[in-house]
Amino acid sequence: MNTAVKIDHLSKRYSPNSPLVIEDLDLQVAQGEFVSLLGASGCGKSTLLNILAGLDSATSGTVELAEQSTLMFQESALLPWLTAGKNIELALKLAGVPRAERAPRAQELLELVHLPNAYKQRPHELSGGMRQRVAIARAIAQGRKVLLMDEPFAALDAITRDLLHDELTRIWQQTGITVIFVTHNVREAVRLGQRVILMSSKPGRIIREWKIDIPQPRRMDSNDIAEKAKEITDELRKEIRRHAA
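Report follows, based on the coordinates. Just so it is clear, the model here is predicted, and its values are computed rather than measured.

What counts, and at which threshold
- Residues numbered from 1 in each chain as written.
- Predicted model: local features only at pLDDT ≥ 70, side-chain atom pairs only at ≥ 80, totals over all residues.
- Heavy atoms only, no water.
- Salt bridge = Lys/Arg side-chain N within 4 Å of Asp/Glu carboxyl O.
- Helix = DSSP H or I, 4+ residues; strand = E, 2+ residues; numbered from the N terminus.
- Buried < 20%, exposed > 50% of the residue type's maximum accessible area, 1.4 Å probe, protein only.
- Expected span 1.5 Å × (residues − 1).
- Contact = heavy atoms within 4.5 Å.
- Pairing = 2+ DSSP bridges.
- Axes fitted to C-alpha atoms, helices over the stretch in contact; angles between N-to-C directions.

**Concerning the pattern of salt bridges**
Here the idea is simple: oppositely charged side chains can pair when their charged atoms come close.
Step number 1: Enumeration according to the criterion identifies 14 salt bridges in this entry.
Step number 2: Salt-bridge contacts for lysine 86 lead to glutamate 89; the nearest nitrogen and oxygen are separated by 3.4 Å. Here the residue lysine 86 and the residue glutamate 89 both occupy positions in helix α2 (residues 84-94), the gap between them amounting to 3 residues, near one helical turn.
Step number 3: Classification of glutamate 89 by relative accessible area gives buried; the value is 11%.

Here's what the structure looks like:
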């Protein structure tokens, strides 16, 4: 398969005398792949996404993206004075979509995320899960093929999060986008990813990865996910204990 993201010997520190946040990190992600990125707090996961999104720069090493990326945060960050539809239209405008095409395209994207009636609703009228669906639609509206997601469901309750796992999996399969998904939740990582990547703590390096062959659709409470999550959690605990020692 073609490569969507290629990272070679990436290192990052925030000042000449500060410790490395990321050290000599190598990673390749195929086009259309869904990769879950795990690690303890402070291991550089969010920093890595910021570099991939062009919001930060590497100290050394190289990053190559075959397609432009868009970054989605834990908060939906919708503009509160615009309706859901107009939030998406703004992204379409910035992507160069002609005015006459924006409203119908925004409606199509709301239907893609199963919110066909939300066009005229403002963010405060939507639940947290609905706002995140609109944020996904807005991200797709930018026309970029690499979606970077920094713990986008962490603030949601378990049931809403599980429903959005289903939605994200469906959208990923339907659109063929490449997804790099940062999470602290091991089961979530296994539930969603084709690969789970484990980063070390301070500085962040890739220390192990798992290929997840569990067929989709997956259930968070399935035995297969529980067994794989236990294996990965054991490795994560070892890494946390090693760093604490």
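That shown, we press on.
**Things to note about helix α4 (residues 128-141)**
Step number 1: For α4, built from 14 residues, the straight-helix expectation of 20 Å at 1.5 Å per residue is met to within 8% by its first-to-last C-alpha distance of 20 Å.
Step number 2: By the burial criterion, the buried members of α4 are Gly129, Gln132, Arg133, Val134, Ala135, Ile136, Ala137, Arg138, Ala139, Ile140 and Ala141.
Step number 3: Considering only its buried residues, α4 is in contact with β5 (69-72), α2, α3 (99-112), β6 (146-150) and α5 (158-175).
Step number 4: Of the residues trailing α4, glycine 143 is marked for its positive phi of about 75 degrees.

**Some points on the sheet that holds strand β8 (residues 195-199)**
Step number 1: Across the sheet, 6 strands lie side by side as β5-β6-β7-β3-β8-β9; this open sheet has mixed pairing. One side of each edge strand has no neighbouring strand; the edge strands of this open sheet are β5 and β9 (206-211). Across the sheet, the mean angle from the axis of one strand to that of its neighbour is 20 degrees, orientation sign disregarded.
Step number 2: As paired strands, β6 and strand β7 (residues 178-182) are joined by 5 bridges and run parallel to one another. Looking at β7, one finds that leucine 148 is bridged to isoleucine 180.
Step number 3: This element, α4, spans β5 and β6 of the sheet and lies at about 165 degrees to β5.

Read these as geometric descriptors, not functional statements.
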